[in-house]
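Architecture and fold: a report
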Amino acid sequence: MSDCTCGQRRTDWIPLGRDVLDIEIEGLTAVRDRLGPSFEAALALLAGCRGRVVVTGLGKSGLVGRKLAATLSSTGTPAFFLHPVEGAHGDMGSLRAEDVVIAISNSGETDELNAILPSLRAIGTSIIAMTGKAQSTLGRAADVVLDAGVPREACPHNLAPTASTTAVLALGDALAVCLIHWKSFTENDFLRYHPGGSLGQRLRLRVHELMHTTGIPVTQDDVGQEEAVRVLDKGGFGAVAVVDGSGRLMGILTDGDVRRAVIRGDYAPRTPVTAIMTRNPRSARSGQSVAELLDVMEQKAITVLPIVDDAHRLVGLVHLHDLLGKGGVSFAG
């Protein structure tokens, strides 16, 4: 990497980075301090929306708008992003009078965005403007104006959208979070919109919430191999736990153990199962987290794990599919 030629010493970069963050914090503070009745009015429009929330903006504002639309959709407020140029060329046909539009422009004078304002008015949608200039064309056309103006950009030329886009992003999050409270949007509601997120919640569970405790394939350590294979075949786990007379885990017999025993010529129907089982297999405790077990099972390529108590007595079995939500154990969430 070549040396910096911009005249700044390397040791100046950290203070400069902090200055940028300070400018952005300054912008957020300004927006926060101005928050007032218009914010409540915007929330009322969004909460009462009988259609969908349509977010629009161009350039960096559009990128922030896409994020806002995604956040609203995932938290119980149906929303989508409309590119203003595409809107001017036919996509406005997807809007209805019951929709609410959030239009984003720091200057409020973005030509491409303002060009669709008359059409939005003709359709009958309500308009919420997020802008740094309340008296701009966009601000005057809106039903509600959210002042997202910042004292300055972090860009040394005060040109590149930096603090202003951060302010809009944060203001959008404030709307979304307040709507979560307004609509009493719960964790279970959130999981319905995030089916992939249910795995994250599942990983935070404890093993006893998912393990099988009844009907698990288990056999005594003094039975013959043929009997153990019969239990293995009926169990549906691909493995059978082997315990002693006190219920302590002694080993495990898997489909692979049987296959290898047959190939080696070690399979003998009447010989005790202890001759071909895996002794001292890996096991887990019921109080461990699902995430811990998943790590172990994936690292060791294990699909079935016995669960034991402090005395090493068998208390359950867990299959890899149970941890991933693909098994027979239901998850009430």
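Since this is a predicted model, take the numbers as computed values, not measurements.

Contact geometry for helix α2 (residues 37-47) and helix α8 (residues 163-182): axes closest at 10 Å, N-to-C directions at 60 degrees. Of the possible angle classes, the one that applies to α2 and α8 is oblique. In the crossing of α2 with α8, the sense of the turn from one axis to the other is right-handed. Together, F39, A42, L43, A44, L46 and A47 of α2 and L171, A174, L175, C178, L179 and W182 of α8 make up the contact between the two elements.

Turning our attention to the side chain of S164. Structurally, S164 is set in helix α8. When residues no more than four places from it in sequence are discounted, the contact partners of S164 are N106, V150 and E153.

Strand order in the open sheet made by the five strands is β2-β1-β3-β4-β5, with parallel pairing throughout. At either end of the open sheet lies a strand with only one pairing partner, and these are β2 (79-82) and β5 (144-147). Across the sheet, the mean angle from the axis of one strand to that of its neighbour is 20 degrees, orientation sign disregarded. Here five bridges tie strand β3 (residues 100-104) to strand β4 (residues 126-131), and the two strands are oriented parallel to one another. Residue I104 lies in a different strand from β4, and its bridge partner there is M130.

Before going further, it helps to spend a moment on the pairing of strand β7 (residues 239-243). Counting buried positions over the five residues of β7 gives five, a clear majority of the element. Burial along β7 is two-sided: A239, A241 and V243 facing one way and V240 and V242 facing the other are all buried. The sheet contact formed by strand β6 (residues 218-220) and β7 spans three bridges and is parallel. The residue of β7 that forms the bridge with Q220 is V243. For β7 and strand β8 (residues 249-254), the ladder comprises five bridges, and the chain directions are antiparallel. Its bridge partner lying in β8, V243 is registered against L249. Counting the residues in the hairpin turn of β7 and β8 gives five residues, including G247, whose phi is positive at 85 degrees.

How each quantity is defined
- Residues numbered from 1 in each chain as written.
- Predicted model: local features only at pLDDT ≥ 70, side-chain atom pairs only at ≥ 80, totals over all residues.
- Heavy atoms only, no water.
- Axes fitted to C-alpha atoms, helices over the stretch in contact; angles between N-to-C directions.
- Helix = DSSP H or I, 4+ residues; strand = E, 2+ residues; numbered from the N terminus.
- Parallel < 35°, antiparallel > 145°, perpendicular 65-115°, else oblique.
- Left-handed = near helix turned anticlockwise from the far one by under 90°.
- Contact = heavy atoms within 4.5 Å.
- Pairing = 2+ DSSP bridges.
- Buried < 20%, exposed > 50% of the residue type's maximum accessible area, 1.4 Å probe, protein only.

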